[in-house]
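Coordinate analysis (summary)
This is what each chain is made of:
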Amino acid sequence: MRTQVAIVGAGPSGLLLGQLLFKAGIDNIIIERQSADYVLGRIRAGVLEQVTCDLLDECGVGARMHRQGLVHGGIELLFKGARHRIDMQQLTGGKTVTVYGQTEVTHDLMDARRAEGLETVYDAGDTVTLHGFDGAHPRVRYVKDGQPHEIECDFIAGCDGYHGVSRASVPQASLKTYEKVYPFGWLGILADVPPVSHELIYANTERGFALCSMRSPTRSRYYVQVPSDEKVENWSDDAFWAELRSRLDPEARDHLVTGPSLEKSIAPLRSFVAEPMRFGSLFLAGDAAHIVPPTGAKGLNLAASDVKYLSSAFIEFYRERSRAGVDHYSEKCLRRVWKAERFSWWFTSLMHRFPETGDFGQKLQEAELDYLVGSAAASTALAENYVGLPL
Ligand code: FAS
Ligand code: PHB
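Reading the values: rules and limits
- Every residue gets a number counted from 1 within its own chain, in the order that chain's sequence is written.
- Lettering for chains starts from A, numbering for ligands starts from 1, and both go in the order in which the items are written.
- In keeping with the model being predicted, local features are shown solely for residues with a pLDDT of at least 70 and side-chain atom pairs are shown and tallied solely at 80 or more, while totals for entire chains, interfaces and linings include all residues.
- The side-chain figures draw on all heavy atoms in the structure; neither hydrogens nor water molecules are used.
- Cavity: a set of points on a 1 Å grid over the protein atoms alone where a 1.4 Å probe fits but cannot get out. Pocket: an open set with protein on both sides within 12 Å along at least five of seven lines, its lining residues, like those of a cavity, having an atom within 4 Å of a point.
- Grid points are joined across faces, edges and corners, and a volume is the space filled by probe spheres set on the points.
- Strands here mean DSSP runs of E at least two residues long; helices mean DSSP runs of H or I at least four residues long; both are numbered from the N terminus.
- Under the scheme applied here, ten amino acids are nonpolar (Ala, Val, Leu, Ile, Met, Phe, Trp, Tyr, Cys and Pro), four are charged (Asp, Glu, Lys and Arg), and all others, including Gly, are polar.
- UniProt positions are given in the numbering used here, feature names are shortened, and annotations may be inferred rather than shown by experiment.
- Any residue with a heavy atom lying within 4 Å of a molecule or strand is counted as near it.
- The accessible surface values rely on the Shrake-Rupley method and a 1.4 Å probe; as for residues, cover is taken only from the protein chains in view.
- Geometry of aromatic contacts follows a simple scheme: Phe, Tyr and Trp rings, the Trp one being its six-membered ring, pair when their centres are within 6.5 Å, and the pair is stacked under 30 degrees between planes, edge-to-face over 60, tilted otherwise.
- Using a 1.4 Å probe on the protein chains alone, a residue whose accessible area is under 20% of its type maximum counts as buried, one over 50% counts as exposed, and one in between counts as partly exposed.
- The criterion for a charge sitting over a ring is simple: Lys NZ or Arg CZ within 6 Å of the ring centre, and within 35 degrees of the ring normal.
- We call two residues contacting when some pair of their heavy atoms lies within 4.5 Å.
- Any pair of N or O atoms that falls within 3.5 Å is considered a polar contact. Within protein, one atom must be able to donate a hydrogen and the other to accept it, and sequence-neighbouring residues count only if both atoms are side-chain atoms.

Moving on: the layout of surface pockets. Estimates place the volume of the second largest pocket at around 240 Å³. Forming the walls of the second largest pocket are 13 residues, and the residues nearest its centre are Thr 103, Glu 104, Leu 190, Arg 215 and Arg 219. Elements with a contribution of two residues or more to the lining of the second largest pocket: α4 (63-68), α6 (102-115), β15 (208-216) and β17 (261-275). Its residues assigned to classes, the lining of the second largest pocket shows 4 nonpolar, 4 polar and 5 charged.

Structure follows, in structure tokens:
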């Protein structure tokens, strides 16, 4: 079997890349470890930058996002028992974010790929191996239903996430990795209850961080910071709701509607970057190359900007026989990645309680937040990064 671009991973990165390449007439195949239902069952990101929304439009899958997505012009910061709105739309000259779950983005991309009759190999398990990407004949091998397969290609796109095979296939001596593991995780719950507020609330409290988010006017997504060794089995729904309530302001507490969880899980928090993001004809994109703590809602959006750069580079190669885009892909991505890493680390450090925070550290965080909400310059810096820096 032969294709122009072999894509490993059918998460948002792989599916978005596949759709953009198809629209440009570039042949591609996606090989995915899991089933489509398994991929859709993972509850992850919730906030899309305008850059990501534009990319969904560019590949013709933005219609449902425009119909059902919630456009937000601001967020609220909760500290010392009071909420303060950051008017991001006013501070950034009109920029907004769209609340539309990653599950829905993935659904829309899967539906579009299926409608175009494009090949996606699901349930490949851990059989995918990469070959020859340091030479002229890259190949991807996998086993499906007991049958070995080999795909000859021009390029391999490693869109297979943090635990994928692509980065793991690169000789360790060729990689430099940077990592910071946080001493806490996010216990998240999804429930069919109306959100406590019409915008997101990020809370800094002495008990730890909390986030009030949503998926629609009738479906909410909440998170509370928990120790990194916490187990989700230790948390009944009632225990979650009680802890969340303890971290809210009086008005939010009064408006909180609780209900049975549709999903409940703990996500570990880490900052991670692998450099470079290109090895011969293998290109890493999204979580395969970098991870951010979800505080800044950057993970999915960084994946989208990687894919924009990568699809443009491949299009330039095939249309103009120019290697400029592919040769500058890694450098271009990493400039944006590190700015998002910095913002996500900064916002996480400001909003969470660390073992070493203590009373003094809590007062410093509250003072920084007090300054931030009262300073146009500081609020603008937060707003610019949250809505997404320009490509
Ligand atoms: P993904 O990990 O989504 O997709 C990779 C795909 O590759 C998966 O389908 C996987 O099955 C497949 N794969 C892996 N190994 C393979 C192999 N060997 N062969 C073939 N396929 C293979 N971001 C936010 O902005 N906000 C959040 O709240 C948020 N919460 C998160 C919670 C969790 C638990 C995790 C893990 C991430 C979270 N993220 C969040 C970040 C997340 O949204 C990612 O940024 C986003 O999924 C990136 O998409 P991909 O790069 O496609 O990687
Ligand atoms: C979510 O809705 O899942 C979400 C929103 C904002 C974040 C992280 C997660 O910063």
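This part takes up the UniProt feature "domain: FAD-binding" (unreviewed entry) in the chain. Mapped onto this numbering, the UniProt entry gives "domain: FAD-binding" (unreviewed entry) at residues 2-344. Annotated as 33% helix and 32% strand, the span residues 2-344 places its first and last C-alpha atoms 40 Å apart.

Our focus in this paragraph is the site of ligand 1. Neighbouring residues of ligand 1: 29 residues in total, closest Ser 13, Glu 32, Arg 42, Arg 44 and Gln 102. If ligand 1 stood free it would expose 990 Å²; the protein chains cover 88% of that surface. Secondary structure elements with two or more residues in the shell around ligand 1: α1 (12-23) and α10 (299-320).

If you walk through the whole model with that rule in mind, you get 21 aromatic pairs. Note on Tyr 222 and Trp 241: the rings are 5.6 Å apart at their centroids and 80° apart in plane angle, and the pair reads as edge-to-face. With a gap of 19 residues between them, Tyr 222 in strand β16 (residues 219-227) and Trp 241 in helix α8 (residues 237-246) connect regions that are remote in the sequence. In this structure Trp 241 comes out as buried when scored by relative accessible area, which is 4%. With a centroid separation of 5.4 Å and an interplanar angle of 85°, the aromatic rings of Phe 283 and Phe 314 are classed as edge-to-face. Remark: Phe 314 occurs in helix α10 and Phe 283 occurs in strand β19 (residues 282-284); sequence separation between them is 31 residues. Accessibility assignment for this pair places Phe 283 and Phe 314 in one class, buried. Grouped by ring-pair contacts, the aromatic residues Trp 186, Tyr 202, Phe 209, Tyr 223, Phe 343, Trp 346, Phe 347 and Tyr 386 constitute a single cluster. Residue placement shows Lys 176 over the ring face of Tyr 178; its charged tip is 5.1 Å from the ring centre.

On to the environment of Gly 74. Tracing the chain through its elements places Gly 74 in strand β5 (residues 74-79). On the basis of relative accessible area, Gly 74 is assigned to the buried category, the value being 0%. C-alpha separation for the pair Gly 74 and Leu 369, spaced 295 residues apart in sequence, amounts to 16 Å. When residues no more than four places from it in sequence are discounted, the contact partners of Gly 74 are Arg 85, Ile 86, Met 88 and Glu 199.

Neighbouring residues of ligand 2: 14 residues in total, closest Tyr 202, Ser 213, Arg 215, Tyr 223 and Pro 294. One of the side-chain N or O atoms of Tyr 202 is found 2.8 Å from an oxygen atom in ligand 2. Measuring from an oxygen atom of ligand 2, one finds a backbone N or O atom of Pro 294 at 2.7 Å. Relative to its unbound accessible area of 280 Å², ligand 2 is 97% covered by the protein chains. Elements with a minimum of two residues in the shell around ligand 2: β14 (200-205), β15 and β16. Sort the elements by how many residues they give to the shell around ligand 2 and β15 lands first, with 3 residues. Residue composition of the shell around ligand 2, grouped by class: 8 nonpolar, 3 polar and 3 charged.

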